[in-house]
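Next come the chains, spelled out residue by residue.
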Amino acid sequence: MLILGISDSHDASIVLIDNAEILTAVSEERFTRKKRHQGFPFKSIEYVKNYIDNRTIDKVYIVGKYGRAIFRILNRFSSNTDPQKDIFSFPSKTAYWLENIIATAPIFKNIESRIGLFMIKKKLNNIGVKYNSIELVDHHYS
């Protein structure tokens, strides 16, 4: 079973596991040279494609069940700034508000996680990663 784990939070990184053996684990900062790189680890996934060898990934696990959708949406627009560190930026204020107030409300958790999952699927499809299933997991559990 081929498993890809992705963290698009601070310290963005990936791990590729094949039948309980870690094939590779890499941090995005290795390629971008930005300490504690935050955002989708595009370059790490490109690196991992060498190990995948045109196989379909059986399971993709994404760190972060809810509260990440706004970062996943804004990631493409704020690649030069970190919305968590630039606390005065509009994306930062919006992300903080959505993550800490709206996304934690029980009625919105499911909706917000679906939006985040949609954004991840779109990014994986755009870079040509084939997978059978995808799941969001709590970062403490992962």
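Let us look at the structure shown here. Residue positions are given per chain, counting from 1 as you read along its sequence in written order. With the structure being a predicted model, the display of local features is reserved for residues of pLDDT at least 70 and the display and counting of side-chain atom pairs for 80 or more, all residues being used for whole-chain, interface and lining totals. For side-chain calculations, the full set of non-hydrogen atoms in the structure is used, while hydrogens and water are omitted.

1. Observations regarding the sheet that holds strand β4 (residues 57-63)
Reasoning step 1: The rule for pairing is simple: two strands pair if DSSP sees at least two bridges between them. Secondary structure counts use DSSP, requiring at least four H or I residues in a row for a helix and at least two E residues in a row for a strand, with both numbered from the N terminus. Pairing is mixed in the open sheet, where five strands are placed in the order β3-β2-β1-β4-β5. At either margin of the open sheet sits one strand with a lone partner, and together these are β3 (21-27) and β5 (131-137). Across the sheet, the mean angle from the axis of one strand to that of its neighbour is 15°, orientation sign disregarded.
Reasoning step 2: Both strand β1 (residues 2-7) and strand β2 (residues 13-18) contribute to a ladder of six bridges, which runs antiparallel. The residue bridging Leu 4 from the neighbouring strand is Leu 16, located in β2.
Reasoning step 3: It only takes one pair of heavy atoms within 4.5 Å for two residues to be counted as in contact. A fitted line through C-alpha atoms represents every axis, and for helices the fit uses only the stretch in contact; the resulting angles, taken between N-to-C directions, go from 0 to 180 degrees. Helix-sheet contacts for helix α5 (residues 106-126) involve β1, β4 and β5, and the interaxial angle to β5 is about 140°.

2. Notes on the pattern of salt bridges
Reasoning step 1: Salt bridges are defined as contacts in which a side-chain nitrogen from Lys or Arg sits within 4 Å of a carboxyl oxygen from Asp or Glu. Going through the model one piece at a time under the given rule, you end up with four salt bridges.
Reasoning step 2: A salt bridge links Glu 46 to Lys 49, with the nearest nitrogen and oxygen atoms 3.4 Å apart. Taken together, the residues Glu 46 and Lys 49, both in helix α2 (residues 42-52) and three residues apart, mark about one turn of the helix.
Reasoning step 3: On the accessibility criterion, Glu 46 (39% relative accessible area) is partly exposed. Working definition: with a 1.4 Å probe on protein chains only, accessible area under 20% of the residue-type maximum means buried, over 50% means exposed, and in between means partly exposed.

3. What about the nonpolar core?
Across soluble globular proteins, nonpolar side chains show a tendency to be buried alongside one another.
Reasoning step 1: One finds Leu 4, Ile 6, Ile 45, Ile 57, Val 60, Leu 124 and Ile 134 to be the most contacted residues of the largest nonpolar core, which totals 21 residues.
Reasoning step 2: When residues of this core are traced back to their parent elements, those giving at least two are β1, β2, α2, β4, α5 and β5.
Reasoning step 3: Among all residues touching Leu 124, those that are not within four sequence positions of it are Ile 6, Phe 40, Ile 45, Val 60, Val 129, Tyr 131 and Ile 134. Take the buried residues of types Ala, Val, Leu, Ile, Met, Phe, Trp, Tyr and Cys, join any two whose side-chain atoms come within 4.5 Å, and each joined set is a nonpolar core.

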